[in-house]
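# A structural walkthrough
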Amino acid sequence: MGRWIVPAIGALVLSVAIVAGALIWAGSSGSEASCDRNALADAARDGIAAAERADDQQVTIEMGDGCGDADLEFVLPEVTRDWHVMPGGTLMRASQHSN
């Protein structure tokens, strides 16, 4: 009987890990909204235009649900090449940003 305890405990630990992984995967795959990149590009255009009118060196735009800095970096080249993405949805003029 003693030689069956170790494999039984190993199988139990493996089962718990599989169930926990499945729950985490199921919870994260459907809960995130997808980013509307067209709306994000429009928000970047509007924010940049407002900053340029005010002669501001940076602007923070409102990113939609599901959008992050990576999405903003993806759409910004179709909006402008004179501004760069900084963390948190902040855009900064290229002349003020050191590479």
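A brief look at the structure comes next. Owing to the predicted nature of the structure, the values given are computational and were not obtained by experimental measurement. (Residues numbered from 1 in each chain as written. Predicted model: local features only at pLDDT ≥ 70, side-chain atom pairs only at ≥ 80, totals over all residues. Heavy atoms only, no water.)

## Concerning the pairing of strand 3 (residues 90-93)
- Both faces of strand 3 are covered, namely the face carrying T90 and M92 and the face carrying L91 and R93.
- Pairing geometry for strand 2 (residues 83-86) and strand 3, over 4 bridges, is antiparallel. Bridged to M86 within strand 3 is T90.
- Counted along the chain from strand 2 to the antiparallel partner strand 3, the turn is 3 residues long, and its residue G88 has a positive phi close to 85°. (Buried < 20%, exposed > 50% of the residue type's maximum accessible area, 1.4 Å probe, protein only. Helix = DSSP H or I, 4+ residues; strand = E, 2+ residues; numbered from the N terminus. Pairing = 2+ DSSP bridges.)

## As for the sheet that holds strand 3
- Spatial strand order, 1-3-2: 3 strands in an open sheet with antiparallel pairing. With one partner strand each, in any of the chains shown, strand 1 (58-60) and strand 2 form the two edges of the open sheet. Pairs of neighbouring strands in the sheet enclose a mean axial angle of 25°, with direction left out of account.
- Across 3 bridges, strand 1 lies against strand 3 in antiparallel orientation. Within strand 3, the position partnered with V59 by the bridge is L91.
- Of the strands in this sheet, strand 1, strand 2 and strand 3 touch helix 2 (residues 37-53), which is tilted by about 45° from strand 3.
- Packing against the sheet, helix 3 (residues 69-79) makes contact with strand 2 and strand 3, and its axis sits at approximately 170° to strand 2. (Axes fitted to C-alpha atoms, helices over the stretch in contact; angles between N-to-C directions. Contact = heavy atoms within 4.5 Å.)

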